[in-house]
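Listed below are the residues making up each chain.
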Amino acid sequence: MTVLVTGATGTVGSAVVTELNPTELPVRAGVRDPTATSLSVETVTFDYTKPETWGDALDGVEAVFLMFPPGVTPGRVTDFADAAVRTGVERLVFLSVLGADKLPVLPHRRIERHLERLDAETAALRVAYFMQNLSGIHSPEIRERGELFVPAGEGRLGFVDARDVGVVAARLLTGERRLDRPAVTLTGPTALNFEEAATVFSAELDHEITYPNPSRRAFARRMRDRGLSAGFILFMLAEYQATRFGLTARTTDAVAALLGREPRTLAQFVADYRDQFRP
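Residues numbered from 1 in each chain as written. Predicted model: local features only at pLDDT ≥ 70, side-chain atom pairs only at ≥ 80, totals over all residues. Heavy atoms only, no water.

A.B. asks: So what's going on with the sheet that holds strand S2 (residues 27-31)? Residues and values would help.
C.D. replies: Strand order in the open sheet formed by seven strands is S3-S2-S1-S4-S5-S6-S8, with parallel pairing between adjacent strands. One side of each edge strand has no neighbouring strand; the edge strands of this open sheet are strand S3 (42-45) and strand S8 (183-186). Strand after strand, the sheet turns through a mean of 20° between neighbouring axes, direction not considered. In the packing of helix H4 (residues 107-116) onto the sheet, contacts are made with strand S4 (61-66), strand S5 (91-97) and strand S6 (121-127), and the angle to S5 comes to roughly 160°. Along the sheet, helix H7 (residues 162-174) contacts strand S1 (2-6), S4, S5, S6 and S8; its crossing angle with S5, the most-contacted strand, is approximately 155°. (Pairing = 2+ DSSP bridges. Helix = DSSP H or I, 4+ residues; strand = E, 2+ residues; numbered from the N terminus. Axes fitted to C-alpha atoms, helices over the stretch in contact; angles between N-to-C directions. Contact = heavy atoms within 4.5 Å.)

A.B. asks: Run through the environment of Arg 32, naming residues and quoting values.
C.D. replies: Considering the arrangement of structural elements, one finds Arg 32 in the loop between S2 and S3. The residues contacting Arg 32, other than those within four sequence positions of it, are Thr 45, Phe 46, Asp 47, Pro 70 and Val 72.

A.B. asks: Before we move on, can you summarise the packing of aromatic side chains with the specific residues and values?
C.D. replies: Inspection of every chain in the model, using the stated rule, returns 16 aromatic pairs. Here the aromatic rings of Tyr 129 and Phe 194 are separated by 6.1 Å at their centres, their planes lie at 90°, and the arrangement is edge-to-face. With Tyr 129 in the loop between S6 and helix H5 (132-135) and Phe 194 in helix H8 (residues 194-205), the pair connects residues that are 65 residues apart, well separated along the chain. Of the two residues, Tyr 129 and Phe 194, neither departs from the other in class, the shared state being buried. Seen in terms of ring centroids, Phe 149 and Phe 219 are 6.4 Å apart; in terms of plane orientation they differ by 20°. Their pairing is stacked. Of this pair, Phe 149 sits in the loop between helix H6 (139-145) and strand S7 (156-157) while Phe 219 sits in helix H9 (residues 216-225); the two residues are 70 residues apart in sequence, bridging distant segments of the chain. The exposure classification of Phe 149 matches that of Phe 219, with both residues buried. Counting every residue linked through ring pairs, the aromatic cluster contains Tyr 129, Phe 149, Phe 159, Phe 194, Tyr 211, Phe 219 and Tyr 240. It is Arg 222 that lies over the ring of Phe 149; its NZ or CZ is 3.8 Å from the centre. (Phe/Tyr/Trp six-rings, centres within 6.5 Å; stacked < 30°, edge-to-face > 60°. Buried < 20%, exposed > 50% of the residue type's maximum accessible area, 1.4 Å probe, protein only. Lys NZ or Arg CZ within 6 Å of the ring centre and 35° of its normal.)

A.B. asks: Run through the nonpolar core, naming residues and quoting values.
C.D. replies: Core analysis: the biggest nonpolar cluster contains 62 residues, and Phe 65, Leu 125 and Leu 186 have the highest contact counts within it. With eight residues, H7 is the largest single contributor of residues to this core. Residues Tyr 129, Ile 233, Met 236 and Phe 277 belong to the second largest nonpolar core, which totals 29 residues. (Core = buried A, V, L, I, M, F, W, Y, C linked by side-chain atoms within 4.5 Å.)

A.B. asks: Residues and numbers for H9, please.
C.D. replies: If you check which residues of H9 are buried, you get Phe 219, Arg 222 and Met 223. Burial along H9 is one-sided: seen end-on, the buried residues are contained in an arc of 95°. With respect to the buried face of H9, the exposed residues turned more than 90 degrees away are Arg 217, Arg 224 and Asp 225. Buried positions along H9 lie against H6 and helix H10 (230-244). Two residues or fewer past H9, Gly 227 is found with a positive phi of approximately 95°. (Arc of directions from axis to C-beta.)

A.B. asks: An account of the pairing of S1 is needed here, citing residue identities and associated values.
C.D. replies: The element S1 is extensively covered by neighbouring structure, given that five of its five residues are classed as buried. Strand direction decides the pairing type here: S1 and S2, joined by four bridges, are parallel. Of the residues in S2, the one forming a bridge with Val 3 is Val 27. With helix H1 (residues 11-20) bridging S1 and the parallel S2, this β-α-β connection has right-handed handedness. (Right-handed = clockwise from strand over helix to strand, strands pointing away.)

A.B. asks: Summarise the pattern of salt bridges; cite the residues concerned and give the values.
C.D. replies: Here the structure, examined in full by the defined rule, presents 20 salt bridges. The shortest N-O distance in the salt bridge between Glu 141 and Arg 226 comes to 2.9 Å. Here Glu 141, found in helix H6, pairs with Arg 226, found in the loop between H9 and H10; they are 85 residues apart in sequence, far enough to count as distant. The class for Glu 141 is buried, based on a relative accessible area of 4%. Where salt bridges share partners, they join Asp 101, Arg 109, Glu 112, Glu 116, Arg 126 and Arg 250 into one cluster. (Salt bridge = Lys/Arg side-chain N within 4 Å of Asp/Glu carboxyl O.)

A.B. asks: A description of H10 should follow, citing residues and the corresponding values.
C.D. replies: Between its terminal C-alpha atoms H10 stretches 21 Å, which fits the 21 Å expected from 15 residues at 1.5 Å a residue. When H10 is considered as a whole, its buried residues turn out to be Ile 233, Met 236, Leu 237, Tyr 240 and Thr 243. Buried residues along H10 cover an arc of 110° about the axis, so they all sit on one side. Counted as exposed and oriented over 90 degrees from the buried face of H10: Leu 234 and Phe 235. In the core, the buried residues of H10 are packed alongside S7, H8 and H9. One or two steps after H10, the chain reaches Gly 246, where phi turns positive at roughly 80°. (Expected span 1.5 Å × (residues − 1).)

A.B. asks: Account for the side chain of His 114, naming residues and giving values.
C.D. replies: Relative to the elements of secondary structure, His 114 occurs in helix H4. The class for His 114 is buried, based on a relative accessible area of 18%. Ignoring any residue separated from it by four or fewer positions in sequence, one finds His 114 in contact with Thr 78 and Asp 82.

Here it is, written out as structure tokens:
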């Protein structure tokens, strides 16, 4: 059985590869440019927008980790899923988003519904806000200004560690675990607002991290000054607007149920990534 991981260099895809790598199963990483990566598994050229890359990527594959990357239409993802099942793929795990069940207009929900109709075992992982966003896109403000600079108001998030999501995905891909329903919501153990998150950061880093609670305009201006694209800034504004409205405070025990242990806390995450937050 070969497992194909799309988005293998991304936040979750890389965690899936890391978890699968020690197993005896062949793992294939689907990436746009294999020459630009140094993964320790087989890599193959793969692009949702280029169907000519799908055949080699799917050759001999029985399980696929599906992403919905920026710049790709939902139809490309569902067309690829159809092609995967036609070539013999028996199991697909799709990385969805928290609230896809509540907001049917989301493209993720369209993909979920399509997967449910396929003649294959499928699972959708509706994930909460990744802790890795803080060590990634938001780390410059933490390092250089000592700030969690996000326009989230007083809203709460069920911060989840992408490494936990990667383990869940890997166990579903190998068949070690199965869902009793087509989708599951994955969150961390506690919903925190960013004031509370700043307190966690301060304690773990031994210096003060604040939450200035910026306006949407101030956030957009700061991100623009950093050189981020207008489209990505709008995406983040929409994401944090949902938090401001109180739509992201939900937590579940799904990670614990699927892994047999509690999900990582924000304090554990900050301790593990401490070097990325130091000035």
